[in-house]
Amino acid sequence: MFGRRAFIAALVLLVGVVGAKAGSEGRSARTLSAEGLAQVSDYIRNEVATGKIPGAILLLQQHGKPIYHENFGVRDVATGIPMSADTIFRLYSMSKPITSVMAMMLVEEGKLALDDPVARYVPVFAGMKVGVEKKAEDGKVSLALEPQAHPVTIKDLLRHTAGLPYGSSGGGAVRELYAAANLFNGDVSNADFVAKLAALPLAEQPATLWDYGFATDVLGRVVEIVSGKTLLHFEKERLLDPLGMTETAFYVTDPAKFPRIAEPMPDDRNINPATPVRDIRRPAIWQSGGAGMVGTVGDYARFAQMLLNGGTYDGRRYLKPETIALMASDHVGPETRIARDQSYYPGGSSGFGLGFAVRTSVPPGTSWPLGEYRWDGVGGTFFFIDPEDDLFGIFMVQTPSQRGRIQLALKTLIYQAMGR
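Residues numbered from 1 in each chain as written. Predicted model: local features only at pLDDT ≥ 70, side-chain atom pairs only at ≥ 80, totals over all residues. Heavy atoms only, no water.

1. Considering the overall build of the protein chain
- Assigned secondary structure in the protein chain consists of 11 helices and 17 strands.
- For the protein chain, the C-alpha radius of gyration of 21 Å lies close to 22 Å, the compact-globule estimate for 420 residues.
- Expressed as a percentage of the 420 residues in the protein chain, the buried residues total 53%.
- Excluding contacts between residues fewer than 6 apart, the proportion of contacts in the protein chain whose partners are at least 24 apart in sequence is 69%.
- Only carbon and sulfur atoms are counted for the fraction: they give 54% of the accessible area of the protein chain, which is about 17100 Å².
- One finds the centroid of the 43 positive side-chain charges in the protein chain at a distance of 2 Å from the centroid of its 44 negative side-chain charges. (Helix = DSSP H or I, 4+ residues; strand = E, 2+ residues; numbered from the N terminus. Rg over C-alpha atoms; globule rule 2.2 N^0.38 Å. Buried < 20%, exposed > 50% of the residue type's maximum accessible area, 1.4 Å probe, protein only. Contact = heavy atoms within 4.5 Å. Areas by Shrake-Rupley, 256 points an atom, 1.4 Å probe, with all protein chains shown as cover. Lys, Arg positive; Asp, Glu negative; His and termini not counted. Charge placed at Lys NZ, Arg CZ, Asp CG, Glu CD.)

2. Some remarks on the confidence of the model for the protein chain
- When pLDDT is averaged along the protein chain, the result is 93, and 93% of the positions lie at 70 or above.
- Considering only residues more than four positions removed or in separate chains, one finds that residues 15-20, a stretch of pLDDT under 50, has three contacts.
- Note that pLDDT drops below 50 for residues 22-27; the model gives that stretch one contact with residues more than four away or on any other chain. (pLDDT = per-residue confidence, 0-100.)

3. Considering the pairing of strand S16 (residues 382-386)
- Within S16, five of the five residues are buried, which leaves it mostly tucked inside the rest of the structure.
- Across the two faces of S16 the burial is the same, with Phe382, Phe384 and Asp386 and Phe383 and Ile385 all buried.
- Where strand S15 (residues 373-376) and S16 come together, four bridges link them in antiparallel fashion. Each residue of the ladder has a partner; that of tryptophan 375, found in S16, is phenylalanine 383.
- Between S15 and S16, which pair antiparallel one after the other, the connecting turn spans five residues, and glycine 380 there sits at a positive phi close to 120°.
- Sheet topology places S16 next to strand S17 (residues 391-396); five bridges connect them, and they run antiparallel. Bridged to phenylalanine 384 within S17 is glycine 393. (Pairing = 2+ DSSP bridges.)

4. Observations regarding helix H6 (residues 190-198)
- Among the residues of H6, Asn190, Phe193, Val194, Leu197 and Ala198 are the ones counted as buried. Buried residues in H6, looked at end-on, bunch into an arc of 135°, giving them a common side. (Arc of directions from axis to C-beta.)

5. What about the packing of aromatic side chains?
- Scanning the entire structure with this criterion turns up 18 aromatic pairs.
- Look at tyrosine 166 and tyrosine 212: their rings are 5.6 Å apart centre to centre, the planes differ by 85°, and that puts the pair in the edge-to-face class. Within this pair, whereas tyrosine 166 is found in the loop between helix H4 (154-159) and helix H5 (173-180), its partner tyrosine 212 is found in the loop between strand S6 (209-210) and helix H7 (215-227), the two being separated by 46 residues in sequence.
- Exposure remark for tyrosine 212: the relative accessible area of 11% places this residue in the buried category.
- On the basis of an interplanar angle of 80° and a centroid distance of 5.3 Å, the ring pair of phenylalanine 352 and tryptophan 375 is categorised as edge-to-face. (Phe/Tyr/Trp six-rings, centres within 6.5 Å; stacked < 30°, edge-to-face > 60°.)

6. Some words on empty space enclosed by the protein
- Scanning the model with the defined rule gives one cavity of 30 Å³ or more in all.
- The computed volume of the largest cavity comes to approximately 30 Å³.
- Lining the largest cavity we find Pro54, Gly55, Val74, Arg75, Met83, Phe89, Ala262, Glu263, Val397 and Gln398.
- A breakdown of the residues in the lining of the largest cavity according to their chemical character gives six nonpolar, two polar and two charged. (1 Å grid on protein atoms, 1.4 Å probe; cavity = no way out; pocket = protein on both sides within 12 Å on 5 of 7 lines; lining within 4 Å. Points joined across faces, edges and corners; volume = space filled by probe spheres on them. Nonpolar A, V, L, I, M, F, W, Y, C, P; charged D, E, K, R; others polar.)

7. Observations concerning the pattern of salt bridges
- Following the criterion strictly, the structure yields 26 salt bridges and no others.
- In this structure, arginine 159 engages aspartate 156 in a salt bridge whose closest nitrogen and oxygen atoms are separated by 3.3 Å. Here the residue arginine 159 and the residue aspartate 156 both occupy positions in helix H4, the gap between them amounting to three residues, near one helical turn. You'll find arginine 159 and aspartate 156 in the same group, each marked buried.
- Here arginine 282 ties to aspartate 187 by a salt bridge, and the two come within 3.9 Å at their closest N and O atoms. Highlighted residues: arginine 282 in the loop between strand S8 (275-276) and strand S9 (293-295) and aspartate 187 in the loop between H5 and H6, separated in sequence by 95 residues.
- Residue aspartate 187 is classed as partly exposed on the basis of its relative accessible area of 26%. (Salt bridge = Lys/Arg side-chain N within 4 Å of Asp/Glu carboxyl O.)

8. Comments concerning the nonpolar core
- Judged by nonpolar contacts, the single largest core of 88 residues is most densely connected at Leu157, Leu164 and Leu239.
- Not counting residues up to four positions away in its chain, the partners in contact with leucine 164 are Phe125, Met128, Leu157, Tyr178, Leu197, Leu202, Asp211, Tyr212, Gly213, Phe214, Ala215 and Val218.
- Listed in part, the 24 residues of the second largest apolar core include Leu37, Ile53, Leu413 and Met418. (Core = buried A, V, L, I, M, F, W, Y, C linked by side-chain atoms within 4.5 Å.)

9. Focus: the side chain of arginine 75
- Its location among the elements puts arginine 75 in the loop between strand S2 (65-73) and strand S3 (89-92).
- A residue is classified by how much of its surface remains accessible, and arginine 75, at 8% relative accessible area, is buried.
- For arginine 75, the residues in contact, after removing those within four places along its chain, are Pro54, Ile81, Pro82, Met83, Ser84, Asp86, Thr87, Pro259, Arg260, Ile261, Ala262 and Glu263.

10. A few points about the side chain of glutamine 398
- Within the secondary structure layout, glutamine 398 lies in the loop between S17 and helix H11 (403-417).
- Among the residues examined, glutamine 398 registers a relative accessible area of 3% and is labelled buried.
- Only 2.9 Å separates the side chain of glutamine 398 from the backbone nitrogen of arginine 90, close enough to count as a polar contact.
- The contacts of glutamine 398, once residues within four sequence positions are left out, are Pro54, Phe89, Arg90, Ala262, Glu263, Pro264, Gly379 and Thr381. (Polar contact = N/O pair within 3.5 Å; in protein donor to acceptor, adjacent residues only side chain to side chain.)

11. Thoughts on the environment of threonine 87
- Secondary-structure assignment places threonine 87 in the loop between S2 and S3.
- You can call threonine 87 buried: its relative accessible area is 0%.
- Each C-alpha atom of the pair threonine 87 and leucine 370 lies 32 Å from the other, and the pair is 283 residues apart in sequence.
- Dropping the residues within four chain positions of it, threonine 87 is found in contact with Arg75, Arg260, Ala262, Gly295 and Thr296.
- Engagement of the side chain of threonine 87 in a polar contact is seen with the backbone oxygen of serine 84, the distance being 2.8 Å.

This is how it looks when you write it as structure tokens:
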């Protein structure tokens, strides 16, 4: 079902991770130095003190126990309420790994297959054309529509090779169409959202380019169709409630919790010029599997620990170890001949798996671990899972404009604290 090449790659990763953990039991475990962690704290405090962010939370957990858990600053400069563990954050694209896990549960049960065409579940996808820019002799560019050479598959949705980009001005004719469609600006069901999306052309032929966008939202709709439940209902039944992720949802329903919501600085509340940070106090119909969830650091820690454990938490199994290994394997490597768009977010030392970026080479001047997998959200949050060191980290903050700079600096300081 997984495909022979992908299965072998996952098996190699699984054996390597198990071997690394077994080996670490016979030697001194790699630890984070107190001096290094003090530099991490100083960095975040300076970000707050200089007014770049209101506040933040950083959790580092190793061997199943927190080794660093600090709150910084305030939830919102307007209220001055101190940051605390129960603060609620917009997760944005940190929703994607959760949706991907739900899909892989269905794959394990044989209700879904990675090579299935999406059109098997969402018939309108069969009719989607590929937009191709054509340049005439007079220099004018027009958009031609061509049939799909291969159908969009479930695997394409998971690894962002479906040709479903986020819209942007100046990014080409298809991206202009996506931007003009204002797909983020509306409140529709997942069924209606996918229907709107299917009325647009694909940006490129499926399985030819890593192109970040709405693929995981379509995946969320597939999960609904296969499970026969809304995305949130299925997530609560199979993952959120059993794991104890009681604060994770698509918006905040209880007005008593409104003061717990983290907000960006007053001048840092736009994702882009046309899209403000989402108001999660307003009940929404759209359960965006790609960018819609909210939650706390403690909730996401349970999810991350389950992944790091190889699919188990508190004695309950959610996924098989080989499924986690498959998800954390590179599925856009050179052998796939999949190109990478110019803003390839995983970066040059990483590939992309089934829901996560995956470290495939060591960045120059570091000894960062291979097999580390991770993702982040446009609101500023990020997480990483490091199987080699039996470690995960979660950083919670709301700052669309500062997120990339802070993420790189913090990851560097954290690994320096480990001697990496």
